[in-house]
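# Fold and geometry: a report
The lines below spell out each chain.
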Amino acid sequence: IGVLLLICPFLCHSFRFIAKPCAINLGIQDSGPHRAQPNAILEKVFTSITKSPDGKRLEGLSKQLDWDVRKIQRWFRHRRNQDKPTTLTKFCESMWRFTFYLSIFFYGIRFLWTAPWFWDTRQCWYNYPFQPLTSRLYYYYILELAFYWSLMFSQFTDIKRKDFLIMFVHHLATIGLITFSYMNNMVRVGTLVLCLHDASDFLLEAAKLANYAKYQRLCDAFFMLFGVVFIVTRLGIYPFWILNTTLFESWELIGPYPSWWLFNGLLVTLQILHIIWSYLIIRTAYKALVRGKVSKDDRSDVESSSEEEDVTSNSTKGVFSTSSNGSNRINGHVASGQWTEE
């Protein structure tokens, strides 16, 4: 099991040798955001004190460097963006996740299609806990567990986003469910939960890939399809199919037991997270319908450059504005799809 837990991070790293040529062929360059002007004083403040100085500190730095406050704010914004992954790196990571989610979803569907509990959830509890663990079911479980452990660890090395806490709780609940259901031989209902969650995840990754490649219509189409599948599976099928069998059918067939409360508590926790994410998806879709395009998402890791200065040429009197529209194009096609910037 320990060896299998190392497979997913290793594959993620090696998969870049496949994803990188694909990204380059799509015109995605390995170039990061605008780099901050070298400055020893500001660099020391950034690395040792704060990455987002308050007004009082900005005033002090302004007097010390003889820079205006706005210029110092821009420097810190550029410096924060400088440490963030390039579009090419994000493309490679999303392509790896897309490949995994798509492969494991079709593997799960193919496996469950012939499983009796896929068509009758009461079969999850007949003869429990004396149910055989086949090799196909075992490896399905271990691969899923390895993948979510890799997501758990990578979350601390990736850029910290606004939904960090929600995703942390999600990964904890998912790993807890997989481990707990395996230890208690609840693998039948566990496979249903895993397959149901994989049904929409690969669509989101496909939307991200289209966004990074700047195929905006395809990106919007994938996102809308993802939203529909997510809401149908997480707010419809999950509570009325999964929770129904774990809460009511199991109670009826095998009765309550100590682990029943913990198992269902984790499943209900997932349902609460589903409701929160569904709200965010619906809000993003609503903005897309109102504005005619997918708007910026709260999870974005690229900071807005709307405060960027206008660069004016005195000789031509031309203004190259980096206002919201321009900056959105620079920062990864933000206006038309920054919701996918993970």
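Because the structure is predicted, anything quoted here is derived from the model rather than measured.

### Some points on the side chain of Asn185
- Its place among the elements puts Asn185 in the loop between helix H10 (164–183) and helix H11 (187–212).
- The class for Asn185 is buried, based on a relative accessible area of 15%.
- In terms of polar contacts, Asn185 uses its side chain to reach the backbone carbonyl oxygen of Pro129, at 2.6 Å.
- Asn185 has contacts with Tyr128, Pro129 and Gln131, leaving out every residue within four places of it along the chain.

### Some remarks on the pattern of salt bridges
- Tallied over the entire structure, the rule returns three salt bridges.
- A salt bridge links Lys208 to Glu205; the shortest N-O distance between them is 3.3 Å. With Lys208 and Glu205 both in helix H11, this residue pair falls three residues apart, about one helical turn.

### Describing a nonpolar patch on the surface
- Nonpolar side chains collect at one region of the surface, where Leu26, Tyr215 and Leu218 lie side by side and expose about 280 Å² of accessible area between them.
- Its location among the elements puts Leu218 in helix H12 (residues 216–253).
- Judged by relative accessible area, Leu218 falls into the partly exposed class, the value being 44%.

### Let's talk about helix H6 (residues 69–82)
- Over its 14 residues, H6 runs 20 Å from end to end, which matches the ideal 20 Å to within 8%, given 1.5 Å per residue.
- Among the residues making up H6, those that are buried are Ile72, Arg74, Trp75, Phe76, Arg77, His78, Arg79, Asn81 and Gln82.
- Elements that come into contact with the buried residues of H6 comprise helix H4 (40–48) and helix H5 (55–65).
- For H6, the N-terminal capping position is held by Asp68, with its side-chain oxygen 3.2 Å away from the main-chain nitrogen of Arg70.

### Focus on empty space enclosed by the protein
- All told, the structure shown has two cavities of 30 Å³ or more when counted by the stated rule.
- The calculated volume of the largest cavity comes to roughly 140 Å³.
- Lining the largest cavity are 14 residues, and of these Thr174, Leu177, Ile178, Val193 and Leu194 lie nearest its centre.
- Elements with a minimum of two residues in the lining of the largest cavity: helix H9 (135–157), H10, H11 and helix H13 (258–291).
- No other element matches H10, which puts five residues into the lining of the largest cavity.

About the cut-offs
All chains use their own residue numbering, which begins from 1 and follows the written sequence. Where local features are concerned, this predicted model is filtered to residues with pLDDT of at least 70; where side-chain atom pairs are given and counted, the filter is 80 or more; whole-chain, interface and lining totals use all residues. Think of the side-chain values as coming from all heavy atoms in the structure, minus any hydrogens and water. In this description a helix means any DSSP run of H or I spanning at least four residues, a strand means any run of E spanning at least two, and both kinds are numbered starting from the N terminus. The buried label applies to any residue whose accessible area, calculated with a 1.4 Å probe on protein chains only, is under 20% of its type's maximum; exposed applies above 50%, and partly exposed to all values in between. Any pair of N or O atoms that falls within 3.5 Å is considered a polar contact. Within protein, one atom must be able to donate a hydrogen and the other to accept it, and sequence-neighbouring residues count only if both atoms are side-chain atoms. The contact criterion used throughout is that any non-hydrogen atoms of two residues lie within 4.5 Å. Whenever Lys or Arg places a side-chain nitrogen within 4 Å of a carboxyl oxygen from Asp or Glu, that contact is recorded as a salt bridge. Patches here: salt-bridge-free residues with over 30% relative accessible area, like charges joined within 9 Å, nonpolar side chains (Val, Leu, Ile, Met, Phe, Trp, Tyr) joined within 5 Å. What sets the accessible areas is the Shrake-Rupley method with a 1.4 Å probe; for residues, cover comes only from the shown protein chains. Helix span is expected to be 1.5 Å times the residue number reduced by one. Using a grid of 1 Å spacing that covers the protein atoms alone, one calls a set of points a cavity when a 1.4 Å probe fits there but cannot get out, and a pocket when the set is open and has protein on both sides within 12 Å along at least five of seven lines; lining residues are those with an atom within 4 Å of a point. Grid points are joined across faces, edges and corners, and a volume is the space filled by probe spheres set on the points.

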